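Remarks on the overall topology
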Amino acid sequence: MKYTQLGRTGLKVSRLVLGTMNFGPQTDEPTSHSIMDSALDAGLNFFDTANVYGWGENKGRTEEIIGTWFAQGGGRREKTVLATKVYGSMSREGETWPNEDRLSALNIRRAVEASLKRLQTDHIDVYQFHHIDRRTPFEEIWQAVDVLIQQGKILYAGSSNFPGYKIAQANETAARRGMVGLVSEQCLYNLAERRAEMEVIPAAQDYGLGVIPWSPLHGGVLGGVIKKEVEGGRRASGRAADALANSSVRAQIQAYEDLLEKHGLEPGEAALAWLLTRPGVTGPIVGPRTAEQLDGALRALELELSEEVLAALDEIFPGPGPSPEAFAW
């Protein structure tokens, strides 16, 4: 396993992040535990979750599954850098009540306590804001975070889905309070979706945040979806189906798959390997439903893309260019 520092911190994390969103909704508890054991055995030490995972009437279920895994002992918790998130409503359908979502000091305090209980641990290593809260000032958010750090319930704070200017606002406010501020940003970033390169990633780099891309295969679009359709008769669904319905996007994905076949590369592994070459990226989040999918993701760590392949990928999926030059002079 390869490791790196999380942004400007002294925290050392694996270059792949284990995403757990499928644990519960699509992957049962025993299989989820087996995947986490395999990940840890491979040296993957950075696990990501969120309080809302499990979704619907089962919000919190994913954290519970991780908690029962920690409870087995064997150094599982001690070896894991644990990240979870706060923002989404934890109210059950028909039971909506004020202050059960967003980033008020009250909800942050309640959400941390609930996550700790589900996760069966006494602290969260990286506590992430799942979205911006336009109603709550950063002064209030950082006050709540400061209390939790002093109590030993969280160690670091991170963001997710923040635009560049909010990263700046958050960390300038934290600096005025003498706090470390955000140490990571979890954003949508992959070959097919490179808008983060214009503002989010430069802001993260300037403020010393580690970048953690989510959806590295763009909902399966970059995982060999056309080849799977042709060879296995598996029709695309969700985001992949929507993408392939657009003829120009389908042609782009076909060119991508043809390029990788020419060089003997697996699409999903190549998409992960490409992210590992990108400036500022700590490690992409992989969300395996099965042990086999985890094995494929781990192989990406050993894959070195040639300059020829990297240049061809840029031609197929051109980035937005630098800011402001991409839209100004």
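Remember, it's a predicted structure, so these values are computed and weren't measured experimentally.

So, about the overall build of the protein chain. A count of helical and extended segments in the protein chain gives 13 helices and 10 strands. Against the globule reference of 20 Å for 329 residues, the protein chain gives a C-alpha radius of gyration of 20 Å, in line with a compact fold. Considered along the principal axes of its C-alpha atoms, the protein chain spans approximately 55 × 55 × 40 Å. Contacts in the protein chain between residues at least 24 apart in sequence constitute 77% of all its contacts with a sequence separation of at least 6. Here the protein chain holds 34 positive side-chain charges and 43 negative ones, and the gap between their average locations is 4 Å.

All right, on to the pairing of strand β7 (residues 154-160) then. A large share of β7 lies buried, amounting to 5 of its 7 residues. Pairing between strand β6 (residues 124-129) and β7: 5 bridges, direction parallel. If you follow valine 126 over to β7, its bridge partner there is tyrosine 156. Between β6 and its parallel partner β7, the chain crosses via helix α5 (residues 138-150), and the hand of that crossover is right-handed. Inspection of the sheet shows β7 paired to strand β8 (residues 182-188) by 3 bridges, in the parallel sense. In the strand pairing of β8, serine 160 is matched with glutamine 186. The β-α-β motif built from β7, the intervening helix α6 (residues 164-176) and the parallel element β8 has right-handed crossover chirality.

Below, the discussion takes up the layout of surface pockets. Space inside the largest pocket adds up to approximately 1600 Å³. Going through the elements one at a time, α8 (225-232), α9 (238-244), α11 (267-276), β10 (285-286) and α12 (291-299) are the ones with two or more residues in the lining of the largest pocket. Of the residues that constitute the lining of the largest pocket, the class distribution is 15 nonpolar, 19 polar and 13 charged. When its volume is computed, the second largest pocket comes out at roughly 220 Å³.

Next up on the list: the environment of valine 112. Within the secondary structure layout, valine 112 lies in helix α4 (residues 105-119). A sequence separation of 11 residues divides valine 112 from histidine 123, and the C-alpha atoms of the two residues are 9.0 Å apart. Not counting residues up to four positions away in its chain, the partners in contact with valine 112 are Tyr127, Leu148, Lys153 and Ile154.

Looking now at α12. Among the residues of α12, Leu294, Gly296, Ala297 and Leu298 are the ones counted as buried. At its buried positions, α12 is contacted by β3 (17-19), α1 (29-41), α11 and β10.

Strand order across the open sheet formed by 8 strands is β9-β8-β7-β6-β5-β4-β3-β10, with parallel pairing between neighbours. The open sheet terminates on both sides in strands that have one partner only, identified here as β9 (210-214) and β10. As paired elements, strand β4 (residues 46-48) and strand β5 (residues 81-86) share 3 bridges and run parallel to each other. Paired with aspartate 48 across the bridge in β5 is alanine 83.

With that settled, the discussion passes to the packing of helix α10 (residues 247-262) against helix α13 (residues 307-316). Running from amino to carboxyl end, α10 crosses α13 at an angle of 170°, the nearest separation of the two axes being 10 Å. What the angle tells us is that α10 and α13 run roughly antiparallel. Contact residues: α10 offers Gln252, Ala255, Tyr256, Leu259, Leu260 and Lys262, while α13 offers Glu308, Val309, Ala312, Leu313 and Ile316.

Here we come to the packing of α4 against α5. Where α4 meets α5, the axes come as close as 9 Å, and the angle between the chain directions of the two elements is 30°. With respect to each other, α4 and α5 are oriented roughly parallel. Here the hand of the crossing between α4 and α5 comes out right-handed. Residues Ala105, Ile108 and Val112 of α4 lie in contact with α5, whose contacting residues are Glu140, Ile141, Ala144 and Leu148. Residue composition of the contact of α4 with α5, grouped by class: 6 nonpolar, no polar and 1 charged.

Conventions used here
- Residues numbered from 1 in each chain as written.
- Predicted model: local features only at pLDDT ≥ 70, side-chain atom pairs only at ≥ 80, totals over all residues.
- Heavy atoms only, no water.
- Helix = DSSP H or I, 4+ residues; strand = E, 2+ residues; numbered from the N terminus.
- Rg over C-alpha atoms; globule rule 2.2 N^0.38 Å.
- Contact = heavy atoms within 4.5 Å.
- Lys, Arg positive; Asp, Glu negative; His and termini not counted.
- Charge placed at Lys NZ, Arg CZ, Asp CG, Glu CD.
- Buried < 20%, exposed > 50% of the residue type's maximum accessible area, 1.4 Å probe, protein only.
- Pairing = 2+ DSSP bridges.
- Right-handed = clockwise from strand over helix to strand, strands pointing away.
- 1 Å grid on protein atoms, 1.4 Å probe; cavity = no way out; pocket = protein on both sides within 12 Å on 5 of 7 lines; lining within 4 Å.
- Points joined across faces, edges and corners; volume = space filled by probe spheres on them.
- Nonpolar A, V, L, I, M, F, W, Y, C, P; charged D, E, K, R; others polar.
- Axes fitted to C-alpha atoms, helices over the stretch in contact; angles between N-to-C directions.
- Parallel < 35°, antiparallel > 145°, perpendicular 65-115°, else oblique.
- Left-handed = near helix turned anticlockwise from the far one by under 90°.

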